[in-house]
Amino acid sequence: MTRFVDVPAMSRLVHDIGVTQFIGELADVIQEDFVRWPDFDKSARVANHSDIGVIELMPVSNAKSYAFKYVNGHPSNTARGLYTVMAFGVLAEVETGYPVVLSELTVATALRTCATSLMAARALARPDARRMALIGNGAQSEFQALAFHSHLGIEEIVVYDVDPRATDKLIRNLSAFPSLEIIRANSTAEAVRGADIVTTVTADKTYATILTPEMIEPGMHINAVGGDCPGKTELHADVLRRARVFVEYEPQTRIEGDIQQLPKDFPVVDLWRVLAGTEAGRQHADQVTVFDSVGFALEDYSTLRYVHAQAEKRNLGVDVELVPWADDPKDLFRYTRTGASRAVMRRVA
């Protein structure tokens, strides 16, 4: 049987663990897998683009497990009452191909994205960072704020979005965390002034320059999350030229990240090498560092294995017969008749 973790089960799982603990534990799991980077068979995601969005498949595997995520990105969805990003994924055994877990990944993708940002900032931001600017206050924003507040010591976040209602929502949701000071800004420039870390999580599929060179101050760490497909950027090219830039999987980031604006020989650093201790991260306190984050399949593999382990531990989810029960593995035709299934869906919690 395959464990199915739907949205209610994921919500219960996050609630039972605690959202900030979930983020911290997931960041550790992702880092464990990044350190083992050479063990994985990797490729850039397969993307189908339209004028208004993108649908992607993101596969990765090692000797034991295979994972993939289906995910979209449609910024206009919010006008239709849908999320911009929606996802699900599968973790399977390499030895047999059997699907072990089928999980919602819309909520989990938000958690894994902020956990990856946290992992990168631990390695790249100044240790004394206490103030963050958060540009873009949509569905990902609270997760980023909590990750940096709970696990990196950020005490003050200055927030800005072109849609004031998004900022209202962010402030309302984060009111449950009184030790985190939230300050509303009237512009991006105002928000980033004096920030140690700048996180950009905007959604528009356009060549944008959310951050421009005159906004950048010595020692900033820029967590550029929103630019994640061809034709979609957040940073002016000169911001990148003046910084030390770190990437997840370079062949994918060259196509999808902010560095798509620059020549193919523009130097970047593989984040996994920093985490493994074979490459330097931040080289001095005044250096500007950029994590050109586009999201990579290994992060979803880590998320699926963490979710699977935690769901099993807590008996959360549903066991489903996603593939036929093979009491006679040479007889598939029997499933053209009713009553051939071994079991029906069984909710385990």
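Above this text sits the structure in question.
The shown structure was predicted, so the numbers you read here are calculated from the model rather than taken from an experiment.

Student: Explain the pairing of strand β15 (residues 244-247) here, please?
Tutor: Side chains Arg244 and Phe246 of β15 all project onto a buried face; the interleaved residues Val245 and Val247 project onto the opposite face, where all are buried too. With 3 bridges connecting them, β15 and strand β17 (residues 289-292) associate as parallel partners. Paired with Arg244 across the bridge in β17 is Thr289. Sheet analysis places β15 next to strand β16 (residues 269-270), joined by 2 bridges and oriented parallel. Bridge pairing in β16 places Val247 opposite Asp270. Running through helix α8 (residues 250-256), the crossover from β15 to the neighbouring parallel element β16 is right-handed.

Student: I would appreciate a short explanation of the packing of helix α3 (residues 106-124) against helix α4 (residues 141-152) in the present structure.
Tutor: Axis angle and axis distance: for two packed helices, these are the angle between their axes and the distance between the axes, and together they describe the pair. Where α3 meets α4, the axes come as close as 9 Å, and the angle between the chain directions of the two elements is 40°. Taken together, α3 and α4 sit at an angle that is classed as oblique. In the packing of α3 onto α4, the handedness of the crossing is right-handed. Contact residues: Ala110, Leu111, Thr113, Cys114, Ser117, Leu118, Ala121 and Arg122 in α3; Phe143, Gln144, Ala147, Phe148, His151 and Leu152 in α4. Per-class residue counts for the contact of α3 with α4 are 9 nonpolar, 4 polar and 1 charged.

Student: Any chance you could explain the pattern of salt bridges here in plain terms?
Tutor: Side-chain pairs of opposite charge can arise where the charged atoms are in close proximity. All told, the structure shown has 25 salt bridges when counted by the stated rule. Among the ionic pairs, Arg45 bridges to Glu56, the shortest N-O distance being 3.5 Å. Here Arg45, found in the loop between β2 (41-42) and β3 (46-49), pairs with Glu56, found in strand β4 (residues 54-61); they are 11 residues apart in sequence, far enough to count as distant. Looking at Arg45, the relative accessible area reads 11%, which means it is buried. Judged by relative accessible area, which is 6%, Glu56 ranks as buried. One continuous salt-bridge network, built from bridges that share partners, spans Glu32, Asp33, Arg36, Asp39 and Arg305.

Student: Before we go on, may I ask you to explain the pairing of β17 in this structure?
Tutor: On a regular strand, one side chain projects to one face of the sheet and the next to the other, so that they alternate. Of the two faces of β17, the one carrying Thr289 and Phe291 and the one carrying Val290 and Asp292 are both buried. Pairing of strand β13 (residues 221-224) with β17, which is carried by 4 bridges, proceeds in the parallel orientation. Looking at β17, one finds that Ala224 is bridged to Asp292.

Student: Got a minute to help me understand the sheet that holds β16 in this structure?
Tutor: Whether parallel or antiparallel, the strands of a sheet pair through hydrogen bonds between backbone atoms. With parallel pairing, the 8 strands of this open sheet are ordered in space as β10-β9-β8-β11-β13-β17-β15-β16. Two strands in the sheet have a free side with no partner beyond their single neighbour: β10 (181-184) and β16. Pairing of strand β9 (residues 156-160) with β10 involves 4 bridges; the strand directions are parallel. Residue pairing across strands places Ile157 opposite Ile182, the latter belonging to β10.

About the cut-offs
Residues numbered from 1 in each chain as written. Predicted model: local features only at pLDDT ≥ 70, side-chain atom pairs only at ≥ 80, totals over all residues. Heavy atoms only, no water. Buried < 20%, exposed > 50% of the residue type's maximum accessible area, 1.4 Å probe, protein only. Helix = DSSP H or I, 4+ residues; strand = E, 2+ residues; numbered from the N terminus. Pairing = 2+ DSSP bridges. Right-handed = clockwise from strand over helix to strand, strands pointing away. Axes fitted to C-alpha atoms, helices over the stretch in contact; angles between N-to-C directions. Parallel < 35°, antiparallel > 145°, perpendicular 65-115°, else oblique. Left-handed = near helix turned anticlockwise from the far one by under 90°. Contact = heavy atoms within 4.5 Å. Nonpolar A, V, L, I, M, F, W, Y, C, P; charged D, E, K, R; others polar. Salt bridge = Lys/Arg side-chain N within 4 Å of Asp/Glu carboxyl O.

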